[in-house]
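# Secondary and tertiary structure notes
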Amino acid sequence: MHKQSSTDANFSAGRLGTFAGVFTPSVLTILGIILFLRLGYVIGSVGLARALIIIALANAISVLTSISLSAVATNLKVKGGGDYYLISRTLGLEFGGSIGLVLFLAQSVSIAFYCIGFAEAVAAFFPQVHPLTVQLIAAGAVAFLFVFAWLGADWATRFQFAVMALLIAALLSFFIGGIHSWDSALLAANWAAPENGAPFWILFAIFFPAVTGFTQGVSMSGDLEDPGKSIPLGTFLAVGISIVVYFAVAVLFAGALPNQVLSSNYVAMKTVSAVGFFIDAGVIAATLSSAMASFMGAPRILQSLSADRIFSFLTPFAKVSEPSGNPRRGVLLSAAIAFVTIALGQLNLVASVVSMFFLISYGLLNYATYFEARTQSPSFRPRFKWFSPPLSLAGFAICTGAMLAIDLKSGAAAIALLFAVHQYLKRTAGPARWADSARSHHLQRVRQHLLAAGADPEHARDWRPQLIVFTQDTKRRAPLLAFAAWIEGGTGFTEAVQIIEGEGMAARRAQDSAHRGLAEAIASGSHAMFPLTVCALDVTQAMGILIQSSGIGPLRPNTVVLNWMGESAKAISGIGAYNYVKNLRLIFPQGKNLVVLRMDPESWERLGAQSREGRRIDVWWQGNATSRLMLLLAHLMTRNEPWDKTTLRVLTQGDGTQIELEKEKLVKRMEDIRIDAAAEIVENFDADTIVQQSADAAFVFLPLKIQQNRILDPSGKSFERSLPRLPVSAVVMAAEDIDLDAAPEEGLAAQIAQAADELDAARKKAADAEKAAAEKQTALERLNSRLNALEIRGVSGVVPLDAREGLKAKIKDAESDVERAHRQAVKAKFKADDAAKTIDALTPGSTSEKEPT
């Protein structure tokens, strides 16, 4: 019985390990055409010193990107699509779609790039060739590789081991010849840049494709047995070995041939090598292997991009051939792009294009990793432990800078093209088919901003409508949600609430159904608000709890919005007019503003039929907190498109003797608070006057008050005398006074600043008092010392009695001064302590409650 080898089993299963699936294709692509045909040219054109800088900079990008790649690859299960899959699943479909196209083009152009290098190596065998020979040979190579790409990639995985052997033989041959030809004086001469050399960044663009092969293993991620393990290990092994090889080859080049020869002879490596045949074989094998790797990677990126249905015109390329799963349509398109690129005919030009494409993709891969890490999402748990967000950000910055340094116009154009595709997808793409990191990013920013806002003192200038909207009546829900969106004006937050009475599974099922209905109502109106449905045995109790507990930190509801009682006097499920007013009375003591929408189907329909031109909102002004709230809500309504051409009119009561003067005062008041509104003076606020003045308005704001379980209009009578005869209206009662003309120097911040100044003054005064007390105490101690000395001398009769008595009087006065100074110091300290307590009371959150930084 024939026993199948482990290698055969691995290939037959289509699952590759680290060595075959990542390391080998990556290192073969890195140690390819640039190493054999262009590294000597770069050294000869710019000198060894700058060539080493080019190698170091290019490899810095590859190392930083490899770190980012390893972090993302070990944080999720990598499927087909390689770089595109990683970026799209992190930054979203807009960036993913943009970079997917760029990666596909980069890989497809790379096919031509490597085939042109192969053609140059083959053409070197012939002394005289036609100018189109290189392009014809390159086109033939593409056609040759196309056959195998069409049939499948299994053969390439086996063939790469033979290519690896040739590559090792070629490098050994070069190192032997280079050591044999070593000349230290020549190395010193080649250190500096020659005159009339090519520009640094042009040479960087030519060299950079040498380090782009490290993503070849990622492109085959769908065929790896363990991508999370194989991608980091295989990638870093390939990058590390290639860095050593490139630096060693550069030094040997500079010590073996002069710069003039290196810059003019693309096959200088063959000249140095001990056995030139191995160099020819290595070039041919490496270029064909690299081209084959790109021929396998490009169609798979396109297939993954097409399967995600981001671009509708790419959908046909999502199809794969069965049973191998080979994306043959993508193979056709990649071949076509390669043929078109070969028509350009210049390896250096193609190298620059490839560099720009790969720099864009590597820059975005680094940024995607940094973006993922900055979200601080609990789900970001990469197994690769040497990752650091600043390194990913540095990789992104270096890639962007290198793009612009190579060619400012081309780099800017590439970035602009990427941004254009991003914006196109943002406007045209359907809903995402996967979860990316955008939501985690938003949540992290919300957290940071909420903590920052909570640490700052409140000010009237910061007031925004934070609404909680009770939507019990589903028939009148749509108008209420629209009205809430109008008065929120795109400045605050709105939570639409429905309370389901009951408990148990039946109530839970009703809650789920109600939540879907509420969410659909919000979505159908395109309102920016959040739905909430809760179950409770008692609606009134649930309302009270919701009003008190909703929100977080500084984002807590300050205004309650609900519908007016319907014809059946039931605005809240299951309760009548008495309990309705009782609930309104419950809202006000909680410090929440109350806004009640009164409309009927006919008035709402008339409002919708009105032209946006000529609309008017009337605000009945009494000069109190409710009036200021109504005026601000009316102004916020005009920020919405249905009301952006609406005029405001403020109506207030006058005594009839100085109407014009009172009108001027009201106009001046409107100017001071920076709200454009016409002023109108009326005789009274009776129902008939209100109806007469506002019957032709589009919307009316009226103040309400609640007395003895009754809802009263401005004249102290029932609203039933006016509201049924008015257009759509809102009756309002303010629980807080909003200063519409608050200065920055006013408010809590100013109070804290004043208290801080008083604290500083009190502390200074306390310090001065303590210092004065100490000085007086010192003076007293000196007087006591003098008295003791006099007492000793007085016993012998040397000092008169009068002198001692006089000193005792001074000591007594000094003791009084010390006592007084101590009292002043204690008093000053108490004042300082009081000032400190005042600051603690004014500052939002005590020190102990603040999160440590």
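Report on the accompanying structure.

### Some thoughts on the side chain of Gln466
In this fold, Gln466 is placed in strand E1 (residues 466-470). A relative accessible area of 9% means that Gln466 is categorised as buried. Of note is the side chain of Gln466, whose polar atom sits 3.0 Å from the backbone nitrogen of Phe493. Once you skip the residues sitting within four places of it in the chain, Gln466 turns out to touch Gly492, Phe493, Leu555, Arg556, Pro557, Asn558 and Thr559.

### Quick word on the pattern of salt bridges
Using the criterion set out here, one finds 15 salt bridges in the structure. A salt bridge links Arg628 to Asp737; its shortest N-O distance comes to 2.8 Å. Within this pair, whereas Arg628 is found in helix H25 (residues 625-637), its partner Asp737 is found in the loop between strand E12 (729-733) and helix H28 (748-795), the two being separated by 109 residues in sequence. Arg674 is the salt-bridge partner of Asp741, the closest N and O atoms lying 3.3 Å from each other. Placement of Asp741 in the loop between E12 and H28 and of Arg674 in the loop between helix H26 (659-672) and strand E8 (678-682) is noted, with a sequence separation of 67 residues between them. Given the relative accessible area of 58%, Arg674 is considered exposed.

### Notes on the packing of aromatic side chains
Counting across every chain of the model gives 30 aromatic pairs. Ring geometry for Trp201 versus Phe204: centroids 5.3 Å apart, planes at 75°, classification edge-to-face. Here Trp201 pairs with Phe204, and both are found in helix H9 (residues 200-207), just 3 residues apart, close to one helical turn. Take Trp201: its relative accessible area is 30%, and that puts it in the partly exposed class. Here a set of aromatic residues connected by ring pairs shows up, and it is made of Phe200, Trp201, Phe204, Phe208, Phe214, Phe358 and Tyr362. The ring of Trp434 carries the charged tip of Arg89 above its face, separated from the ring centre by 3.9 Å. Over the ring of Trp643 we find Arg615, and its NZ or CZ is 4.6 Å from the ring centre.

### A word on the pairing of E12
Most of E12 sits out of view: 5 of its 5 residues are buried. As judged from the 5 bridges shared by strand E5 (residues 593-598) and E12, these two strands associate in the antiparallel manner. By the bridge assignment for E12, Arg598 is matched with Ser729. The sheet contact formed by strand E9 (residues 699-703) and E12 spans 4 bridges and is parallel. Counted as the bridge partner of Pro703 is Val732 from E12.

### Focus: the sheet that holds strand E6 (residues 616-621)
Strand order in the open sheet formed by 10 strands is E3-E2-E1-E4-E5-E12-E9-E6-E7-E8, and the pairing between neighbours is mixed. Two strands in the sheet have a free side with no partner beyond their single neighbour: strand E3 (530-536) and E8. Taking the axes of each pair of neighbouring strands and ignoring which way they run, one obtains an average angle of 25° across the sheet. Contacts from helix H21 (residues 504-524) reach strand E2 (493-501) and E3, with the element oriented near 160° to E3.

### Section: H25
Between its first and last C-alpha atoms H25 spans 19 Å; for 13 residues at 1.5 Å apiece the expected length is 18 Å, and the two agree. Counted residue by residue, H25 has 12 buried out of 13 residues, so it is predominantly covered. Those residues of H25 that fall on the buried side of the exposure criterion are Ala625, Thr626, Ser627, Arg628, Leu629, Met630, Leu631, Leu632, Leu633, Ala634, Leu636 and Met637.

### Observations regarding the layout of surface pockets
The volume enclosed by the largest pocket comes to roughly 1500 Å³. Along the wall of the largest pocket there are 42 residues; nearest its centre are Gln466, Phe493, Pro554, Leu555 and Arg556. Those elements giving two or more residues to the lining of the largest pocket turn out to be helix H19 (438-455), E1, E2 and E3.

Quick notes on the rules
- Residues numbered from 1 in each chain as written.
- Predicted model: local features only at pLDDT ≥ 70, side-chain atom pairs only at ≥ 80, totals over all residues.
- Heavy atoms only, no water.
- Helix = DSSP H or I, 4+ residues; strand = E, 2+ residues; numbered from the N terminus.
- Buried < 20%, exposed > 50% of the residue type's maximum accessible area, 1.4 Å probe, protein only.
- Polar contact = N/O pair within 3.5 Å; in protein donor to acceptor, adjacent residues only side chain to side chain.
- Contact = heavy atoms within 4.5 Å.
- Salt bridge = Lys/Arg side-chain N within 4 Å of Asp/Glu carboxyl O.
- Phe/Tyr/Trp six-rings, centres within 6.5 Å; stacked < 30°, edge-to-face > 60°.
- Lys NZ or Arg CZ within 6 Å of the ring centre and 35° of its normal.
- Pairing = 2+ DSSP bridges.
- Axes fitted to C-alpha atoms, helices over the stretch in contact; angles between N-to-C directions.
- Expected span 1.5 Å × (residues − 1).
- 1 Å grid on protein atoms, 1.4 Å probe; cavity = no way out; pocket = protein on both sides within 12 Å on 5 of 7 lines; lining within 4 Å.
- Points joined across faces, edges and corners; volume = space filled by probe spheres on them.

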